Amino acid sequence: MKKIAIELTNVSRKFISPTGVSTLALHDFSMTLHEGDFCAIVGPTGCGKSTALGMITGLSPPSSGTVRVFNQPVTKIDPNIGFVFQADAVFPWKNVIDNISIGPIYRGTNKREAKDKAAEWVRRVGLSGFEYHYPHQLSGGMRKRVALAQTFINEPKILLMDEPFSALDVQTRALMQDELLGLWSENKASVVFVTHDIEEAIALADRVIVLTKGPGKIKSSYEINLPRPRDVSTARYSTEFINLSKQIWSDLKDEVHI
Ligand SMILES: Nc1ncnc2c1ncn2[C@@H]1O[C@H](COP(=O)(O)OP(=O)(O)OP(=O)(O)O)[C@@H](O)[C@H]1O
């Protein structure tokens, strides 16, 4: 029996603006993610997807309900959690090796060892030859590879991803999705992946959760039983994939209808 990695129970999150305006971002939201599982969340803009991730990180406590990570209440930022966001989180003034080694150095690994480890990650994400390039000398896809290496080098038990590939062109995006699945299959982190792209959600995840328009609550949830390992560019042609895609799109269409 797999352990529970993340558990949100009847969570709501309200924001109060400086002028006193209250926004209920998420309402009575519950989800459970087991160790090593890959869950995607889709939903209309502003429905509270990023808010849900923020509560798992410990950056933004819930207004009511409970958030537990590996059975412990979330009270602070947990070093076992890795993040990848839409914006590149790479340091522009550091080269590729220095960007990738920064996590282990902050965690107390000596510089030599951290750089050796980073060199191995440079190879794993296909950036050999670019070790001493700076982010502005790399393409968007290459910068994303740096971001993935920066995260995976810390061997996170939980990986939170907020539209990480949305700024990439279609081909690079498919490559990065395959890259992510490859890294995940070795590391087996528990992943929560937020996206607007239904096909991306189905191609990557074991489960896709659809949220209603804000304040978000769960509208539907689908188990994705496509075989693994998956090749994202071919998986999308299967009948099962197409049917899931139609069903999820139909759920979402009701929510974005104006
Ligand atoms: N710090 C904040 N202060 C006030 N309101 C906030 C804050 N953060 C989020 N909100 C509001 O909470 C709601 C949910 O925002 P959130 O960013 O979680 O949505 P989302 O589903 O991730 O949106 P998108 O798909 O557009 O990225 C929105 O109405 C947003 O304006």
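Residues numbered from 1 in each chain as written. Predicted model: local features only at pLDDT ≥ 70, side-chain atom pairs only at ≥ 80, totals over all residues. Heavy atoms only, no water.

Draft legend 1. Region of interest: the environment of glycine 58. Counting through the fold element by element, glycine 58 comes out in the loop between helix H1 (49-57) and strand E4 (64-69). Once residues lying within four places of it in the same chain are set aside, the contact partners of glycine 58 are Val74 and Lys76. (Helix = DSSP H or I, 4+ residues; strand = E, 2+ residues; numbered from the N terminus. Contact = heavy atoms within 4.5 Å.)

Draft legend 2. Molecular detail of the layout of surface pockets. Volume-wise, the largest pocket comes out at about 450 Å³. If you go around the largest pocket, you meet 20 residues; those closest to its centre are Phe83, Arg107, Gln150, Thr151 and Asn154. For the lining of the largest pocket, the secondary-structure elements that each account for two or more residues are strand E6 (81-85), helix H2 (96-106) and helix H4 (140-152). Class assignment for the residues of the lining of the largest pocket results in twelve nonpolar, five polar and three charged. For the lining of the largest pocket, the two domains that each supply at least three residues are domain 1 (1-80 + 156-167 + 185-238) and domain 2 (89-155). Taken together, Val170, Gln171, Arg173, Ala174, Gln177, Asp197, Glu199, Glu200, Ser233, Arg236 and Tyr237 make up the full set of residues lining the second largest pocket. Elements supplying a minimum of two residues to the lining of the second largest pocket: helix H5 (170-187) and helix H6 (198-204). (1 Å grid on protein atoms, 1.4 Å probe; cavity = no way out; pocket = protein on both sides within 12 Å on 5 of 7 lines; lining within 4 Å. Points joined across faces, edges and corners; volume = space filled by probe spheres on them. Nonpolar A, V, L, I, M, F, W, Y, C, P; charged D, E, K, R; others polar. Domains from an automatic or database assignment.)

Draft legend 3. Representation of the pattern of salt bridges. By the definition in use, this model includes twelve salt bridges. With its nearest N and O atoms 2.7 Å apart, the salt bridge here joins glutamate 120 to arginine 123. With glutamate 120 and arginine 123 both in helix H3 (residues 111-124) and three residues apart, this pair spans about one turn of that helix. Under the relative-accessibility criterion, arginine 123 is labelled partly exposed at 48%. (Salt bridge = Lys/Arg side-chain N within 4 Å of Asp/Glu carboxyl O. Buried < 20%, exposed > 50% of the residue type's maximum accessible area, 1.4 Å probe, protein only.)

Draft legend 4. Layout of the sheet that holds strand E8 (residues 190-194). The strand order across the open sheet built from six strands is E6-E7-E8-E3-E9-E10, with neighbouring strands paired in mixed fashion. Looking along the sheet, the strands with just one partner apiece sit at the ends: E6 and strand E10 (218-223). Looking at each pair of strands side by side, their axes are set apart by 15 degrees on average, direction ignored. Across five bridges, strand E7 (residues 158-162) lies against E8 in parallel orientation. Bridge assignment links isoleucine 158 to a residue of E8, and that residue is serine 190. Packing of H1 onto the sheet brings it into contact with strand E3 (38-42), E6, E7, E8 and strand E9 (207-211), and relative to E7 it is tilted by some 155 degrees. This element, H4, spans E6 and E7 of the sheet and lies at about 170 degrees to E6. (Pairing = 2+ DSSP bridges. Axes fitted to C-alpha atoms, helices over the stretch in contact; angles between N-to-C directions.)

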